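# Observations on the model geometry
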Amino acid sequence: MATVARVVLDSPLPQLDRLFDYRVPAEIEDDCVPGVRVRVPLRSGARMTDAYVVEIVADDALSPENDFPGELSAVEELVSPVPVLAPEVWQLARAVADRAAGVASDVLRLAVPTRQVRPEKAWLARDRGHVPPRVTAVPVEGYGDAVLEGVIDAGGRAAVSAIPHPVLLAAPTTTAADDADSTGDADSTDTGDADSTGDPDTADSTSPAPTWVPGWAATLAQAAAHTLAGERSAVIAVPDFRDVADLERALLVLVPAERVVRFDAKQTNGQRARALLTARTHPVVAIGSRAAVYAPASELGLIALWDDGDPSFAEQRAPYVHTRDVALVRTAQSGAALLMVSHARSTDVQRLVELGWLREVSPYRARVPKVIPTAHQTNADGYAAQARIPSSAWRAAREASHDGPVLVQVSNPGFGTGLVCTECGERAHCRVCGGPLGSPHAGSTPQCRFCGALAAGYRCPTCGNGRLKPVGQGAQRTADELGRAFPNTRIVVADGSRPIDEVPARPAVVVATRGAEPDVAGGYACVLLLDGERMLAREGLRVQEDVLRIWANAAAKGAPGAPVYLVGIGGKLANAMALWRLDVPAHEELTDRRELFFPPAVRVATLTGTDEAVTGAIEALGDAPVGPVLGPVPVDDPTPGTVRAIVRFPYGHGTEVAATLKAEVIRRSSTRRVVKGGTKRRAAPALRVRMDDAEPFSEV
DNA sequence: AGCACGCCGACT
DNA sequence: GTCGGCGTGCTC
């Protein structure tokens, strides 16, 4: 009896985004299993396409009325007998693509690394019956008696407020197993002497030394260890590379290295391929940035995200699906538990909480940061007056700097955000492109921040004066100021171009741009959050939640109960920080967005293309949209004559809207336009659809 | 993507 | 009468 392989083609064409059937030649029948890569002929024999086998069916199980009625072509080649596409990852890719009106093979490109021969051979040669060391159960500390364990074991879902300070994480004692007398207080984490009883059930004969890790990392490592102890996998996605490092450090205290696999952008393809195959072999904890959420972890028991509001979770490649959404789809498909851990709450998670879909879990008696808001004066130009740091904060910082490091968070790197004329205060602009001038170093030649042109010999066009001074404060400038104010203290600057992962727990002033704050064992003695006002002045739908997130994450780098000065901020946001009730602004923000039909209260789709295609797509949607359709308006991107429109629709219509838009894309892709003019050349697709853009209104 | 199929203008 | 233009549609 012959068999038929049902395959997904590795092609970005939407009209090919469905399964195709091929005959399986007898020679490869044994190895042609779901998940393997094959090459198949597509259209008139000679040309080959890469594909993954998704399903093997007996050809007498095909029904003539439902399946392809013609003669099947044969699979041309089995590329490798290693099944790299796990069935659940295929299901995930399909659902994620459908949700985004996108193409499944685009999702697969994010989920499956390109073929690597060496790791595959190593995997095939290896004893697949290998049993990895067992993982000792540890309690998830700080959340009351087995609260999070209960969520995980029940396949539940929770929005978890992270423990807002560093935690000293110690390896479980070899007797471990029962969590009976957990105090539920992360501060009391047992330092535990490094025992060397050499329990054969644990990976190493010597336990790792206790390590300071961020509170969230301790919680997620313990949650993962709990999941692994039940022989189930955990998948944990975090925004960036440094978070991966923190989490890995925490995990290696609790679980054998063999059980931890990484997926991140800095890996080579070979490393990713190895991680992928390991994850399929036995239960692991898969950690990493966006790609980790697609890890083919066997027996999935837990999916978790740290800081889901971080913009890094927005995928940059088609179909632009946010890691949070992938996690939600995967949770629904797998029945695994879901933990959304953060300090600040995203409006997206708040929506799920208000729906009752996520349960709220907070630390039990956590010591929250002692946030002290100090509203402050600005001068008439709107620039911070000389007293940038209020005297109370000065005093506290100076005092704290005797005991340990003080963190100073600023919004921008370098020396300042702009230059103004010393005489008339006019902002200096580039003579080439009109962009703002800045100075990368003290006293260096002014340079355009947009086009990079140097502006030597600049004269103010208003008053003719030739001298400029910086306005706004970058990290370097702040560091210089503080250096004068703290004469005998070490000053450290950390920003995007000079990243510092960790500073010693010694007196120092650490000036860091938002998001680049180094860790310190035990936490900072004091935290100053300086440029809040400027950060809030940005345009955008998510500025407020983003700024809260940035503040909260820095505040949580302080030692338990350390003072945190929130400079120049009053009102609701200051209140939320002071009370450490970061859900309140999220609730209010979400309420506003419901009234305005803005995401995430509703979903959005951005339609780009020819006027006819965009208008046609809007008509095809019928009455699914809510709120007025925005546009179509002309945009000359990617080609002149293009228009863009934004439609908004309730979550309940998502499936229908995505399917309709995908059908429109397919319809328009078969009739391609030819640009008028002498030489005919291929034009942009007549219709492009992007769903759930985080900042959909920024360009319309 | 590519390539075949199909219905209207100037050529042996 | 036919050769060939590229719009349209399909790919197991």
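A quick note: this is a predicted structure, and the numbers were derived from the prediction, not measured.

## What to know about the sheet that holds strand β28 (residues 626-635)
The sheet built from four strands is open, its strands ordered β28-β29-β27-β30 with antiparallel pairing. The two strands at the open ends of the sheet, each matched to only one other strand, are β28 and β30 (687-691). Here the average twist between neighbouring strands, direction ignored, is 15°. Alignment of β28 against strand β29 (residues 642-649), held across five bridges, turns out to be antiparallel. Bridge pairing in β29 links Val633 to Arg644.

## What to know about the layout of surface pockets
Within this model, the largest pocket holds a volume of roughly 1100 Å³. Around the largest pocket sit 50 residues that line it, and His322, Arg324, Asp325, Asp348 and Asp692 are the ones nearest its centre. Contributions of two or more residues to the lining of the largest pocket are made by α1 (87-99), α8 (323-334), α9 (347-354), α13 (543-555), β27 (603-609), α17 (654-670) and β30. Considering every element that reaches the lining of the largest pocket, the biggest residue donor is α8, with five residues. When grouped by side-chain class, the residues that make up the lining of the largest pocket number 23 nonpolar, six polar and 21 charged.

## A word on the protein's contact with DNA strand C
Around DNA strand C sit 13 residues in total, of which Gln15, Arg18, Asp21, Phe68 and Ser73 are the nearest. Atoms of DNA strand C within 4 Å of the protein: sugar and phosphate make up 39%, bases the balance. Note that a base nitrogen of DNA strand C is positioned 3.1 Å from one of the side-chain N or O atoms of Arg18. Taking Asp21, its main chain carries an N or O atom lying 2.7 Å from a sugar or linking oxygen of DNA strand C. The element best represented in the surface near DNA strand C is strand β2 (residues 19-23), accounting for three residues.

## Things to note about the confidence of the model for chain A
Summary statistics for chain A give a mean pLDDT of 86 and a share of 87% for residues scoring 70 or more. pLDDT under 50 marks residues 378-386. Its contacts with residues more than four places away, or in other chains, come to nine contacts. Taken together, the stretch residues 673-682 has pLDDT below 50 and engages in twelve contacts with residues farther than four places along the chain or on a different chain.

## Structural notes on the packing of aromatic side chains
Using the criterion set out here, one finds two aromatic pairs in the structure. Relative to Trp306, the ring of Trp216 has its centre 4.6 Å away and its plane inclined at 5°; by these criteria the two rings are stacked. One end of the pair, Trp216, is in helix α5 (residues 215-229); the other, Trp306, is in strand β12 (residues 300-306), and 90 residues separate them in sequence. Taken together, a centroid distance of 4.7 Å and an interplanar angle of 35° make the contact between Phe598 and Phe697 tilted. Here Phe598, found in the loop between α15 (583-596) and β27, pairs with Phe697, found in the segment after β30; they are 99 residues apart in sequence, far enough to count as distant. Look at Phe598 and you get partly exposed, because its relative accessible area is 23%. We note Arg351 situated over the ring of Tyr651; from NZ or CZ to the ring centre the distance is 3.3 Å.

## Quick look at the sheet that holds strand β10 (residues 260-263)
Overall, parallel pairing links the seven strands, which are arranged β10-β11-β9-β12-β13-β6-β14 in an open sheet. Edge strands, defined here as strands with exactly one partner in the open sheet, are β10 and β14 (359-361). On average, adjacent strands in this sheet sit at an angle of 20° to one another, irrespective of strand direction.

## Points about the pattern of salt bridges
What the rule picks out here adds up to 40 salt bridges. One salt bridge connects Arg6 with Asp67, and the closest N-O pair in it is separated by 3.0 Å. Separated by 61 residues along the polypeptide, Arg6 in strand β1 (residues 3-9) and Asp67 in the loop between β4 (48-58) and β5 (77-78) bring together distant segments of the chain. Across the pair, Asp67 and Arg6 agree in class, each one buried. Measuring nitrogen to oxygen at the nearest pair gives 2.8 Å for the salt bridge that ties Glu354 to Arg594. Separated by 240 residues along the polypeptide, Glu354 in helix α9 and Arg594 in helix α15 bring together distant segments of the chain. The structure contains a network of salt bridges with shared partners spanning Asp308, Arg324, Asp348, Arg542, Glu545, Glu589 and Arg593.

## Focus on the environment of Val635
Position of Val635 among the secondary structure elements: in strand β28. Residues Val635 and Gly609, 26 residues apart in the sequence, show an inter-C-alpha distance of 9.3 Å. Val635 has contacts with Thr642, Val643 and Arg644, leaving out every residue within four places of it along the chain.

## With respect to unusual backbone geometry
Along the chain, Ala318 connects to Pro319 via a cis peptide bond; the corresponding omega equals 0°. Residue position: Pro319 is located in the loop between β12 and α8. Looking along the chain, the bond that leaves Pro599 and enters Pro600 is cis, with omega of 5°. By the secondary structure assignment, Pro600 is in the loop between α15 and β27. In the Ramachandran plot, Arg365 falls in the positive-phi region, its phi being about 50° despite a non-glycine side chain. One can find Arg365 in the loop between β14 and β15 (370-374). Of note, the phi angle at Phe597 is positive, near 60°, even though the residue is not glycine. Residue placement: Phe597 occurs in the loop between α15 and β27.

## A few points about helix α6 (residues 241-254)
Here α6 spans 20 Å end to end across 14 residues, near enough to the 20 Å set by a 1.5 Å rise per residue. Across the 14 residues that make up α6, a large majority, ten, are buried. For α6, the complete set of buried residues consists of Arg242, Asp243, Val244, Asp246, Leu247, Glu248, Ala250, Leu251, Val253 and Leu254. Regarding α6, its N-cap is Asp240, as a side-chain oxygen of that residue lies 2.9 Å from the backbone nitrogen of Arg242 further along.

Reading the values: rules and limits
Residues numbered from 1 in each chain as written. Chains lettered and ligands numbered in written order. Predicted model: local features only at pLDDT ≥ 70, side-chain atom pairs only at ≥ 80, totals over all residues. Heavy atoms only, no water. Pairing = 2+ DSSP bridges. Helix = DSSP H or I, 4+ residues; strand = E, 2+ residues; numbered from the N terminus. Axes fitted to C-alpha atoms, helices over the stretch in contact; angles between N-to-C directions. 1 Å grid on protein atoms, 1.4 Å probe; cavity = no way out; pocket = protein on both sides within 12 Å on 5 of 7 lines; lining within 4 Å. Points joined across faces, edges and corners; volume = space filled by probe spheres on them. Nonpolar A, V, L, I, M, F, W, Y, C, P; charged D, E, K, R; others polar. Near = heavy atom within 4 Å. Polar contact = N/O pair within 3.5 Å; in protein donor to acceptor, adjacent residues only side chain to side chain. pLDDT = per-residue confidence, 0-100. Contact = heavy atoms within 4.5 Å. Phe/Tyr/Trp six-rings, centres within 6.5 Å; stacked < 30°, edge-to-face > 60°. Buried < 20%, exposed > 50% of the residue type's maximum accessible area, 1.4 Å probe, protein only. Lys NZ or Arg CZ within 6 Å of the ring centre and 35° of its normal. Salt bridge = Lys/Arg side-chain N within 4 Å of Asp/Glu carboxyl O. Expected span 1.5 Å × (residues − 1).

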